[in-house]
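Take a look at the letters that make up each chain.
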Amino acid sequence: MKPIYILTYCLLFVTLLHGQEKYLTKQGYTSFFSSSPVEDIKADNNQVLSIIDTTTGTIAIAILMKSFMFEKSLMQEHFNENYVESDTYPKATFKGQILNFSTLNEDQKTANIKGDITIHGVTKKIEIKTQIVKTPENISLKGSFPVTVADFNIKIPSVVINNIAETIDVTFQLDHQPYKK
Amino acid sequence: MTRKIKMVTLFLILVVASMGLYIYLELYNKPHVDVSRSSPNISVDSSIILKDFEDSEADANTKYLEKIVQVTGVISELNTNKGKTIVTISGQNTFGSIMCHLSPEENIKADHLKEGQNITIKGICTGYLMDVILVKCVIIN
């Protein structure tokens, strides 16, 4: 099953890169925040890959789970080993559409994005509202959305059930630049 | 006599409890890996690590992920993101490259880096997107 996934991602990126109007970032930012009565947990990732095809408004995002940096190394260890099982599922991905992309102009402040998000091997449909800045030099997307841990088949042991929120806030900022080969 | 036993028991309980608490706190506050003070798990040439990831990402993942990897290669690009320097090392005849995100302490050293220069750098490998990604990087040479 796994090699097929990898092949699909590779093909996806290769085909996306062959066209003309690509905007891309390799240093996108994503963080998540869990707030519970016991403790707050936050992790940042500055290595998000995101590609927009401006001819169709398609967007593809890939995130390495091991690139999430936590304040405490024990949290990072638990996150990778027990919760998202990053050895088995090293990436989270999103593939979708920026709705009405071609009609968006520079005055537009928000856009809706709709597509499939895959975390921990589980794929869910998602539609979120984002802030957008679209100029010829830059396409920037910024926003946040909630993720329910149980939706993605992530099991939290009962011992730490009070330490981790059931719903995690995911924040992102992606500044895409035109892709030059 | 019984009083003495009670005292001893109480003392023992206290010792065990404080040891438990100590171990718990040690574990909870366990520091992150200090890349600059650790010797690398793997030392490779940039072309080899890139080829490994291009040949089989799954195999390369088992080999490199979360390891301290020391890479030698030529700087093809220098960028900054949020004040942190990102050194891109390219391979020979390979499509991808290695993106090394420097640790904040290393930023000062980045000023004298130039494109085209040879570099040896070590960092923690977190995986492969379009490029191999190393974080918390430290410049060796």
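Predicted model only: the values in this text are computed from it and were never measured.

Each pocket or cavity is described by its volume, and for the largest pocket that value is around 910 Å³. Tallying contributions element by element places helix 2 (residues 73-83) of chain A first for the lining of the largest pocket, with five residues. When the residues that make up the lining of the largest pocket are grouped by side-chain class, the tally is 36 nonpolar, six polar and one charged. Of the volumes computed, that of the second largest pocket is approximately 690 Å³. Forming the walls of the second largest pocket are 26 residues, and the residues nearest its centre are L24, K26 and Q27 of chain A together with E77 and N79 of chain B. For the lining of the second largest pocket, the secondary-structure elements that each account for two or more residues are strand 1 (22-35) and strand 9 (167-178) of chain A together with strand 2 (68-81), strand 3 (84-90) and strand 4 (97-102) of chain B. In terms of residues, the lining of the second largest pocket owes the most to one element, strand 1 of chain A, which gives six residues. For the lining of the second largest pocket, a count of residues per class yields eight nonpolar, twelve polar and six charged.

It is worth spelling out the packing of aromatic side chains at this point. Residue and element names in this part refer to chain A. Evaluated as defined, the whole model comprises nine aromatic pairs over all chains. Centre to centre, the rings of F70 and F79 are 5.0 Å apart; their planes meet at 50°, and the pair counts as tilted. There is no split in this pair, since F70 and F79 are both buried.

Right, let's talk about the interface of chain B and chain A for a bit. With 26 residues of chain B at the contact, the number on the chain A side is 31 residues. Both sides of the chain B and chain A interface together cover about 2500 Å² of buried area, and 60% of this is carbon and sulfur. Three residues, Y28, L129 and M130 of chain B, lead the burial of chain B against chain A; their summed loss comes to 27% of the area buried on that side. In this structure, the connection of chain B to chain A is made through four salt bridges. Here E57 of chain B ties to K91 of chain A by a salt bridge, and the two come within 2.8 Å at their closest N and O atoms.

All names here are of chain A. For T25, the position within the fold is in strand 1. For T25, a relative accessible area of 6% corresponds to the buried category. Distance in space between the C-alpha atoms of T25 and Q47 is 8.9 Å, their sequence separation being 22 residues. Once residues within four sequence positions are removed from consideration, T25 is found in contact with V48, L49, S50, L174, D175 and H176. Side-chain polar atoms of T25 contact the backbone nitrogen of Q27, separated by 3.1 Å.

Scoring rules and cut-offs
- Residues numbered from 1 in each chain as written.
- Chains lettered and ligands numbered in written order.
- Predicted model: local features only at pLDDT ≥ 70, side-chain atom pairs only at ≥ 80, totals over all residues.
- Heavy atoms only, no water.
- 1 Å grid on protein atoms, 1.4 Å probe; cavity = no way out; pocket = protein on both sides within 12 Å on 5 of 7 lines; lining within 4 Å.
- Points joined across faces, edges and corners; volume = space filled by probe spheres on them.
- Helix = DSSP H or I, 4+ residues; strand = E, 2+ residues; numbered from the N terminus.
- Nonpolar A, V, L, I, M, F, W, Y, C, P; charged D, E, K, R; others polar.
- Phe/Tyr/Trp six-rings, centres within 6.5 Å; stacked < 30°, edge-to-face > 60°.
- Buried < 20%, exposed > 50% of the residue type's maximum accessible area, 1.4 Å probe, protein only.
- Contact = heavy atoms within 4.5 Å.
- Buried area = accessible area lost by both parts, 1.4 Å probe.
- Salt bridge = Lys/Arg side-chain N within 4 Å of Asp/Glu carboxyl O.
- Polar contact = N/O pair within 3.5 Å; in protein donor to acceptor, adjacent residues only side chain to side chain.

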